[in-house]
Amino acid sequence: MNENTKFQLAFLLFLAASSYLISPAAANLVLNRVDRRVDLTSQIVRIASSLKVENAGTDDVSEILFSLSTEHAEKVAFLQAVLVEGKSKSKSKSTAVILTVTPGSSDGRVMLFSVALPKPLKGGDSLSLETYVVLTHVLKPFPEEIGQSDAQLVLFHESAYFLSPYPVKVQSTTFKLPSSRVESYSKVGVTKLVDSEVRYGPYENVEALATAPITLHFENNQPFAVVEELVREIEISHWGNIYVTENYKLSHGGARHKGSFSRFDYQSRPAQSGAASFRHLLARLPPHAHSVYYRDEIGNISTSHLRSDFKKTELELEPRYPLFGGWKVTFTLGYSVPLEDFMFKSSDGRRFLNITFGSSFGHVVVDNLIVKVVLPEGSTQPTISVPFAVEQDKEIKHTYLDTVGRPVVVLTKKNAVPEHHNIFFQVYYRFNSIAMLAEPLLLVTGFFAFFVLCIAYVHFDFPISKSSASFQAQVQREELVDLVQRLQKVMGIQGEAADRLEASLRDVARSGDTAPCKVARKTADATWKETSKDLKALSESFHLSARSSFVLPKVEVLLQKEKEMVEKLQQKQVATVEAYERKLSSKDIDARIAPLQSKYSTLKQEVRDLIYALDD
């Protein structure tokens, strides 16, 4: 038994098993005419049906049933029935009636939907009803894998007959395809292929729940852009902006790509290579959107183009690579809008946000849409108004300068499509404007506390005890540093005296006058005598210091070398004055002074190195 025969048998069993679901009055309904049009031009299937319903019985009917196969019912993204009033071509439509699902058959192949009429349909009367069904994920790629240069072919399974719990007198169905390339299509009675349309019917006197399974196999290269998950966060700030962040997990839901990918072929032959892929997305943002950004895990993506005017803002995005079947990409889209464009105040004093619900992109299917509305801290009594069924939850979000956190309204919608779910919804809440002062006051208090702590730190002594080992070690270290600095200062004074005496010796060599040199010698001797007392006192202090053990040897060597350096300089001065007073020749003077000068220079360098070593 093939699949089509099993499908027909299941419906025949359902006709017998589900007859108890239809009331005796509803069983007298007859569909005089059904015109059905199925749009298969994209990945989203749209089925529009016009029904002429007649009550052939005598009892009033308050509801009308129509059915879908369970396979299609599970993929319904949108379902609507509209009552058409008047007989002229310009029909005025009443408010759409929300459909409620009633239990289907025990075999699970058919599901019934009920439409409540605004007023009962009397016996012998008739009405016009239009139904609109949107399905997703019902087009199946065949073959399931294609190469880069192959066109994408899909299968669509349906019935040539309108599936109805009531008999149909006359009916016809038209399938609108994206192109005229049709691989195959089932033929049931009157069947025609006209350009890119396949027409079935008209068929007459079709029994209730009768079915004629058909399969259409055709080319469809439209982008199968599927958002597996979209987390849309809308954060309200009463300081003037609404911040919108959209996190996308996007995939290509068409035939999976097989083989290698050639970017050269893709760019040089775009019409033939990668016909089923897509690389551009168009986001329609609010008119006054600003601070727009587009990034992924790597960082900002520069391949985007923003166009805006007073009516709209459009952002054309290009991912880092084109998307073929089975390929995925994640990215974040964010922007800000002025608060006054979407925030209003109701008559009862509540504030409410009026903003769109769904994705900013058209022609995408969102499998799991999560909308989070982050209200200002201090908001109370949040309620929502959404024109379709959603799952609702609440949570708390903590951000900068928050104390108790911000209330978040979480709305979840499965299987969302742009044209029916990217519509306005409202979030109502109460908010006291005084609560806006909480963040500025928190900032002022924080800065005030910081400066108070700084003042306290500067003016108070925080050690636990001055007798503690760490405190004593710090004091001893500071004392040792002070001794070293004082020693370096005294050594500097002695060095300056030596430099002045050296300068006077150079003057003697130029002029031969020894009188100034003798005066400089007396001055230097007085300075060395005075500083020798200070050096002696510092030496004793180093010996008494508890932490000078590692520096004391350097100090002792330094004092010894300094003493030797002074003595050599004094010997040089005596030899120079005596030589010039005796009027010796230059050769004799150099012979007497050169050894002393060499030794003096060596000692002077050693003293400098030891002084620098004390800093370590």
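This is a predicted model, so every value here is computed, not measured. (Residues numbered from 1 in each chain as written. Predicted model: local features only at pLDDT ≥ 70, side-chain atom pairs only at ≥ 80, totals over all residues. Heavy atoms only, no water.)

On to the overall build of the protein chain, then. Across its full length, the protein chain holds nine helices and 31 strands. Taking 616 residues into account, the globule formula puts the C-alpha radius of gyration at 25 Å, and the protein chain, at 48 Å, lies well above it. For the protein chain, the spread of C-alpha atoms along the principal axes amounts to about 155 × 60 × 50 Å. Within the span of the protein chain, comprising 616 residues, buried residues form 44% of the whole. Contacts in the protein chain between residues at least 24 apart in sequence constitute 76% of all its contacts with a sequence separation of at least 6. (Helix = DSSP H or I, 4+ residues; strand = E, 2+ residues; numbered from the N terminus. Rg over C-alpha atoms; globule rule 2.2 N^0.38 Å. Buried < 20%, exposed > 50% of the residue type's maximum accessible area, 1.4 Å probe, protein only. Contact = heavy atoms within 4.5 Å.)

What follows covers helix α9 (residues 586-613). Helix length check: α9 (28 residues) gives 39 Å between terminal C-alpha atoms against 40 Å at 1.5 Å per residue, within 8%. The sharpest bend along α9 comes to roughly 35°, located at Ile593, with the proline Pro595 sitting one to four residues further on. Within the span of α9, buried status applies to Ile589, Ile593, Leu596, Tyr600, Leu603, Lys604, Val607 and Leu610. (Expected span 1.5 Å × (residues − 1). Bend = angle between axes of the 7 residues up to and from the residue.)

With that settled, consider the sheet that holds strand β16 (residues 213-219). Pairing is antiparallel across the open sheet formed by four strands, whose spatial order is β9-β11-β16-β13. Two strands bound the open sheet, and with one partner strand each, they are β9 (140-141) and β13 (182-185). Pairing geometry for β13 and β16, over three bridges, is antiparallel. When the bridges of β16 are listed, Ser184 appears paired with His217. (Pairing = 2+ DSSP bridges.)

Turning next to helix α8 (residues 552-581). Taking 1.5 Å of rise per residue, 30 residues should cover 44 Å, and α8 covers 44 Å from first to last C-alpha, within 8% of that figure. Once α8 finishes, Lys583 follows within two positions and takes phi at roughly 60°, a positive value.

In this section: the packing of α8 against α9. Pairs of packed helices are described in terms of their axes, by the angle between the two and the distance that separates them. Relative orientation of the contacting elements α8 and α9 amounts to 155°, with a least axis distance of 9 Å. On the basis of the axis angle, α8 is roughly antiparallel to α9. Handedness of the α8/α9 crossing: left-handed. Per-class residue counts for the contact of α8 with α9 are 16 nonpolar, three polar and eleven charged. (Axes fitted to C-alpha atoms, helices over the stretch in contact; angles between N-to-C directions. Parallel < 35°, antiparallel > 145°, perpendicular 65-115°, else oblique. Left-handed = near helix turned anticlockwise from the far one by under 90°. Nonpolar A, V, L, I, M, F, W, Y, C, P; charged D, E, K, R; others polar.)

Tracing the chain through its elements places Val566 in helix α8. Judged by relative accessible area, Val566 falls into the buried class, the value being 12%. Put simply, Val566 and Ala524 are 42 residues apart on the chain and 9.7 Å apart in space, counted from C-alpha to C-alpha.

The UniProt feature table records "transmembrane region" (unreviewed entry) at residues 441-460. In the segment residues 441-460, helix accounts for 95% and strand for 0%; the C-alpha atoms at its two ends are 28 Å apart. (UniProt positions renumbered as here; feature names shortened; annotations may be inferred.)

For the rest of this paragraph, the subject is the nonpolar core. Note that soluble globular proteins tend to have their nonpolar side chains buried in a common cluster. Ranked by internal contacts, the top residues of the largest apolar core, which has 50 residues, are Leu40, Val45, Phe156, Phe175 and Tyr200. Contact partners of Phe156, with chain neighbours within four places excluded, come to Val38, Leu40, Val45, His72, Val138, Leu139, Phe175, Ile214, Thr215, Leu216 and Phe218. Val227, Tyr335, Val364 and Phe431 belong to the second-largest nonpolar core, a separate cluster that totals 46 residues. (Core = buried A, V, L, I, M, F, W, Y, C linked by side-chain atoms within 4.5 Å.)

Next up on the list: the packing of helix α7 (residues 515-544) against α8. Put simply, α7 and α8 touch, their axes get as near as 12 Å, and they point 170° apart. By the angle between their axes, α7 is roughly antiparallel relative to α8. For the crossing formed where α7 meets α8, the hand is left-handed. Packed against α7, whose contacting residues are Cys517, Lys518, Arg521, Asp525, Trp528, Leu535, Ser539, Phe542 and His543, the element α8 presents Leu552, Val555, Glu556, Leu559, Val566, Leu569, Gln570, Gln573, Val574, Val577 and Glu581 at the interface. Here the residues of the contact of α7 with α8 are counted per class, giving eleven nonpolar, four polar and five charged.

Where burial is concerned, most of β16 is hidden: six out of the seven residues are buried. As judged from the seven bridges shared by strand β11 (residues 153-159) and β16, these two strands associate in the antiparallel manner. Each bridged residue has a counterpart across the sheet, and for His157 the counterpart in β16 is Thr215.

Once that is clear, we can look at the packing of aromatic side chains. Evaluation of the coordinates by the stated rule reveals 20 aromatic pairs. Centre to centre, the rings of Tyr248 and Phe361 are 5.1 Å apart; their planes meet at 75°, and the pair counts as edge-to-face. You can see Tyr248 sitting in strand β18 (residues 241-252) and its partner Phe361 sitting in the loop between β26 (351-356) and β27 (365-374), a full 113 residues away along the chain. The exposure class of Tyr248 is buried, given its relative accessible area of 2%. Counting every residue linked through ring pairs, the aromatic cluster contains Phe261, Tyr266, Tyr321, Phe324 and Trp327. Residue placement shows Arg406 over the ring face of Tyr400; its charged tip is 6.0 Å from the ring centre. (Phe/Tyr/Trp six-rings, centres within 6.5 Å; stacked < 30°, edge-to-face > 60°. Lys NZ or Arg CZ within 6 Å of the ring centre and 35° of its normal.)

What follows covers the sheet that holds strand β29 (residues 391-397). Taken in spatial order, the seven strands line up as β21-β24-β18-β17-β27-β30-β29 in an open sheet, and their pairing is mixed. Across the chains shown, the open sheet's two edge strands, defined by having one partner strand only, are β21 (290-295) and β29. Across the sheet, the axes of successive neighbouring strands diverge by a mean angle of 15°, strand direction being ignored. The pairing of strand β17 (residues 225-237) with β27 spans eight bridges and is parallel. Bridge pairing links Arg232 to Val371 in β27.

Enumeration according to the criterion identifies 32 salt bridges in this entry. Glu581 is the partner of Lys518 in a salt bridge, and the nearest nitrogen-oxygen pair spans 2.6 Å. Of this pair, Lys518 sits in helix α7 while Glu581 sits in helix α8; the two residues are 63 residues apart in sequence, bridging distant segments of the chain. (Salt bridge = Lys/Arg side-chain N within 4 Å of Asp/Glu carboxyl O.)

A few words on unusual backbone geometry. In this structure, Pro143 follows Phe142 across a cis peptide bond, with omega equal to 10°. In this model, Gly201 is joined to Pro202 through a cis peptide bond whose omega is 15°. Looking at the secondary structure, you find Pro202 in strand β15 (residues 197-206). Its identity is not glycine, yet Lys583 carries a phi of approximately 60°, on the positive side.

In regions of low pLDDT, the predicted coordinates are not meant to be interpreted in detail. Confidence along the protein chain averages 85 in pLDDT terms, with 90% of residues attaining 70 or more. Ignoring residues within four places in sequence, the model shows residues 88-96, a span with pLDDT below 50, making 15 contacts including any to other chains. (pLDDT = per-residue confidence, 0-100.)

Once that is clear, we can look at a nonpolar patch on the surface. A contiguous nonpolar surface patch, about 440 Å² in accessible area, is contributed by Leu443, Phe447, Phe450 and Phe451. In this fold, Leu443 is placed in helix α5 (residues 438-459). (Patch = residues over 30% accessible without salt bridge, like charges linked within 9 Å, V, L, I, M, F, W, Y side chains within 5 Å. Areas by Shrake-Rupley, 256 points an atom, 1.4 Å probe, with all protein chains shown as cover.)

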